[in-house]
Structures are given as structure tokens and as C-alpha cells.
Amino acid sequence: MGEPKNELPAVIVLGNPLFLKLYGEQFSEKFRLLKPWESSLPLDQFITTHAQSVQAMLCSGGTRVTPSLLRLFPSLRVIVTTSAGLNHMDLDECRRLGISVANAGTIFSEDVADFAVGLLIDVLRNISSANRFVKNGLWPVHGDYPLGSKVGGRKIGIVGLGSIGLEVAKRLEAFGCIISYLSRKKKPVPYPFCSDVHELATKCDVLVICCALTDQTRHLIDKEVLLALGKEGIIINIARGAIINENELVQCLVQGEIAGAGLDVFENEPNVPEELLSLDNVVLSQHVAFLTEDSFRELYELMSGNLEAFFLNKPLLSPVLDA
């Protein structure tokens, strides 16, 4: 597309997606990006100014795509979201309005799986807490740091065996771990299937949360599940914070009902329960499991490819909903 900027196809951008900080210039060579955060107008006025004509929207995973927002855009025909998860979007309303939706597909799966395994190793081997111990000058004072636990041979329960869950299973199988899984339906894999999360927690000593956040999975992991996991149990969450009942998780960790946790996501981001900050058996990160330079480059190519396909009347590259 070599058109002058004012003749490039218009795309309204909501949520200021992170990858635009790296690839915004390249994106702007292909599309006329309507960015509310660069305008002096309040958001509602900015939207009103462009809403009648704009056909394409690019949004981040933190943008709530609700029926009331969609009603503001009578000409909208496609939404491209930078996230793999879709819990921020009302897909039923998009379907009703004839709006196609594309997402990040499986671009982040390998990086997120790497991060999940990294969190597990960190929790079991005390890497972050031992790092603080050494940097705070406590080694000469207190001697050796307490021993960690072995990764290999652990019984791992994966909650959600989609593309991320499969990558986690593949990595942990290489460590000699024993894999079981919970999913909406049985998959053609060599791992035992559990249809009940309590059963999975009882069989395993680690739960790795990889499923999407839906009405059915909200607070799927509650106190009963955590108690079934047991005092030696570890929970890793790289999915969405609200899949776990956070208050009950904090209570179980503080009271020693489970052994530890690795958490990349939280129920009310960016707020993290204060009780977790002082626990050495809890490793925390700020919803960054998917963030690598490599994945952002691929995301740029996929996002721009989806929008180019739409404007050229070709099939979307990563459709979730093809209206």
C-alpha cells in the first residue's frame, strides 16, 4: 500500500496496544491509525468523530468490547485483538452485528509455556527467594539457604489443554513429569483425562492453569480444589487471574494449606494482594508471560496481515468469528 496517509484505510485503535511502541511506524505506513490517546478530544468525542465511517478496529486485550461500545460503530465490520484470550469481548454481540473477529492465535503459546515452566522451577528451587537472600547480604550471616524441591517426577495437572497447555505438557514431560489434564473434552493425547477439577487436584501435586476465562471457569480453582491439591501442592497461573478465587488462594498460602504459587496474572490487575508480597514461596510477575521481542514481531505481522486481508476482501489469517 503506497497511498498518501490520508488515503490509507482507517483503523481505530483502542487500548494503546503494547506492540505499537515497537511497530507503530511500520503499521502507520499501511493504515491510517486513529489513536484516541494522541488526540486532545475526550474519548467519547473522539469516538463520535470517527464512529460513523470506521470499518476496522484494532484493540488490546484490556479493552472491554461491550454491546454499548459496539453500538457506537455502525459501520464496523472487523475487530482485530492483540490477545489470544477473548474474555474482554462480547462475541455473541459481534456475531449478531455481523462483525468479524481475529485474535493473536497461537503466537504466544510457546513463550507462555516457557514462562509457566520457569515459574514452576523458580517456586520449587527457590530461585527468586535465594536471589534476594544473596543480594541482601544474608549468606555470610545466616549460612546456606533452605533446600528446594526436585522438578522431575512431579505429577502435573494441566487445566486447559489448548495450544498453551500442550506446549507446557511437552516441556514438563521432558523433565520426567507425569502429566494429567482437564479440558472441555477428551483430546487425542497420551495423557490421562480428568473431567473434574477436584479429581485432577487430588491426583496431582502441581496445577498449571492454561484455560480461557469464561463464565464456566471463573473461580474454577477455589478453596476446595486447593485443599485437594494439598500441603505439598504448587499452583501456577499464566491464564487469567479470575480463574482462581484469589481471596481463597491467599488464605491457603498464608495458612500453609498449599506449598507455593507462581502467578503471572491476578484477579484485579494491576492490584496484587499485599499478603503475597512477603511470601518467599510465591513468585509474582506482571502479566508478561507472552511478552518477548520475537512474539511482538510475529504479532505485528499477524495483526497487519489480518487488517490487510480485510481491506482486500480476503479471508482473515486468524479468525475467531467470521461474520
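Rules behind the numbers
- Residues numbered from 1 in each chain as written.
- Predicted model: local features only at pLDDT ≥ 70, side-chain atom pairs only at ≥ 80, totals over all residues.
- Heavy atoms only, no water.
- UniProt positions renumbered as here; feature names shortened; annotations may be inferred.
- Helix = DSSP H or I, 4+ residues; strand = E, 2+ residues; numbered from the N terminus.
- Patch = residues over 30% accessible without salt bridge, like charges linked within 9 Å, V, L, I, M, F, W, Y side chains within 5 Å.
- Areas by Shrake-Rupley, 256 points an atom, 1.4 Å probe, with all protein chains shown as cover.
- Salt bridge = Lys/Arg side-chain N within 4 Å of Asp/Glu carboxyl O.
- Buried < 20%, exposed > 50% of the residue type's maximum accessible area, 1.4 Å probe, protein only.
- Contact = heavy atoms within 4.5 Å.
- Core = buried A, V, L, I, M, F, W, Y, C linked by side-chain atoms within 4.5 Å.
- Arc of directions from axis to C-beta.

Peer 1: Tell me what's going on with the UniProt feature "domain: D-isomer specific 2-hydroxyacid dehydrogenase catalytic" (unreviewed entry) in the protein, and back it up with residues and numbers.
Peer 2: According to UniProt, the positions carrying the feature "domain: D-isomer specific 2-hydroxyacid dehydrogenase catalytic" (unreviewed entry) are residues 49–320. In residues 49–320, helix accounts for 36% and strand for 15%; the two terminal C-alpha atoms are 29 Å from one another.

Peer 1: Can you tell me about a nonpolar patch on the surface, naming the residues and giving the values?
Peer 2: A cluster of nonpolar residues, V272, L277 and L284, forms a patch on the protein surface that exposes about 230 Å² of accessible area. By the secondary structure assignment, V272 is in the loop between strand 11 (260–263) and strand 12 (282–284). With relative accessibility at 30%, the residue V272 sits in the partly exposed group.

Peer 1: Provide a residue-level description of the side chain of K35, including the pertinent values.
Peer 2: Assignment of secondary structure puts K35 in the loop between strand 2 (32–34) and helix 2 (43–51). By relative accessible area, K35 is classed as buried at 19%. Sequence-distant contacts of K35, that is, excluding residues within four places in its chain, are made with V13 and F46.

Peer 1: Quick one: what's the story with the nonpolar core, residue by residue and with numbers?
Peer 2: Counting 51 residues, the largest nonpolar core has F19, F27, L58, I156, I158 and V168 as the members making the most contacts within it. The biggest single contributor to this core is helix 5 (residues 109–125), with eight residues. In this structure I156 touches L120, L172, C177, I178, I179, S180, C204, V206 and V208, once residues within four positions along its chain are discounted. Counting 31 residues, the second largest nonpolar core, distinct from the first, contains C194, I243, V250 and L276.

Peer 1: Account for helix 2, naming residues and giving values.
Peer 2: Taken residue by residue, helix 2 has F46, I47, H50 and A51 as its buried positions. Angular distribution of buried residues about the axis of helix 2 spans 120 degrees; they occupy a single face of the element. Of the residues in helix 2, the exposed ones pointing more than 90 degrees away from the buried face are D44, T48 and T49.

Peer 1: Before we move on, could you go through the UniProt feature "domain: D-isomer specific 2-hydroxyacid dehydrogenase NAD-binding" (unreviewed entry) in the protein and cite the residues and values that matter?
Peer 2: On the UniProt side, "domain: D-isomer specific 2-hydroxyacid dehydrogenase NAD-binding" (unreviewed entry) is annotated at positions that read residues 117–289 here. Between the end C-alpha atoms of residues 117–289 the distance is 11 Å, and the span holds 33% helix and 16% strand.

Peer 1: Summarise the pattern of salt bridges; cite the residues concerned and give the values.
Peer 2: For the structure shown, the criterion picks out ten salt bridges. D92 is the salt-bridge partner of R95, the closest N and O atoms lying 3.1 Å from each other. Pair noted here: R95 and D92 are both in helix 4 (residues 91–97), with a separation of three residues, about one helical turn. R132 is the partner of D280 in a salt bridge, and the nearest nitrogen-oxygen pair spans 3.0 Å. Remark: R132 occurs in helix 6 (residues 127–135) and D280 occurs in the loop between strand 11 and strand 12; sequence separation between them is 148 residues. Judged by its relative accessible area of 43%, D280 falls in the partly exposed class.

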